[in-house]
Amino acid sequence: LPDTGFAHLRRQAAALEAFRPRLDACCGHHGPVSCARRAWTEVLDDFCADEFGVKTRQFHCCRQQGAA
């Protein structure tokens, strides 16, 4: 990606990169589905925290609450 103008895509890519090792760790876990759900929730929470830390329009899923 170019150096400027694509910070939102960098944040999205970083979230996906952070998810991969956490998901891989769930494969040998006793409850892989709950592990994967927890990993995704943690990564998404971190992503949304990053999204709200900048003065651009936040990704639409970051405004949802709970099971949504």
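Further up the page is the structure itself.
One structure accompanies this document, and this report is about it. All figures in this text were calculated on a predicted structure; none of them were measured in a lab. Counting restarts for each chain: residues are numbered from 1 in the order of the written sequence. Thresholds applied to this predicted model are a pLDDT of at least 70 for local features of residues and 80 or more for the giving and counting of side-chain atom pairs; totals over whole chains, interfaces and linings are not thresholded and use all residues. Remark: hydrogens and water are excluded; side-chain values derive from all non-hydrogen atoms of the structure.

## Details of helix α1 (residues 7-26)
The way it works is that DSSP assigns letters per residue, a run of H or I at least four long becomes a helix, a run of E at least two long becomes a strand, and they are numbered from the N terminus. Expected span of a helix, by definition, is 1.5 Å for each gap between consecutive residues, and there is one gap fewer than residues. Given a rise of 1.5 Å per residue, 20 residues ought to cover 28 Å, and the 29 Å separating the end C-alpha atoms of α1 matches this to within 8%. Two residues qualify as a contact provided that any one of their heavy atoms is within 4.5 Å of a heavy atom in the partner residue. Buried residues along α1 sit against α2 (32-52).

## Brief notes about the packing of α1 against α2
The angle between two axes is taken between their N-to-C directions and runs from 0 to 180 degrees, where each axis is a line fitted to C-alpha atoms and a helix contributes only its stretch in contact. For the pair α1 and α2, interaxial distance at closest approach is 9 Å and the crossing angle is 160°. As the angle between them shows, α1 and α2 are arranged roughly antiparallel. The crossing of α1 and α2 is right-handed. Contacts between α1 and α2 pair R11, Q12, A15, L16, A18, F19, R22, L23 and C26 from the former with P32, C35, A36, A39, W40, E42, V43, D46, F47, D50 and E51 from the latter. Throughout this description, any angle smaller than 35 degrees is read as roughly parallel, any larger than 145 degrees as roughly antiparallel, any in the 65 to 115 degree range as roughly perpendicular, and the remainder as oblique. Each crossing gets its hand from how the near helix is turned against the far one by less than a right angle, where anticlockwise is left-handed and clockwise is right-handed.

## Some words on the nonpolar core
Put simply, a nonpolar core is a bunch of buried Ala, Val, Leu, Ile, Met, Phe, Trp, Tyr and Cys residues held in one set by side-chain atoms that sit within 4.5 Å of each other. Only protein chains enter the accessibility calculation, which uses a 1.4 Å probe; a residue is then buried when its area is under 20% of its type maximum, exposed when over 50%, and partly exposed in between. Core analysis: the largest hydrophobic core is formed by seven residues, namely A15, F19, A39, V43, F47, C48 and C62. At the level of elements, α1 and α2 are the ones that each hand at least two residues to this core. The element that contributes the greatest number of residues to this core is α2, accounting for four residues.

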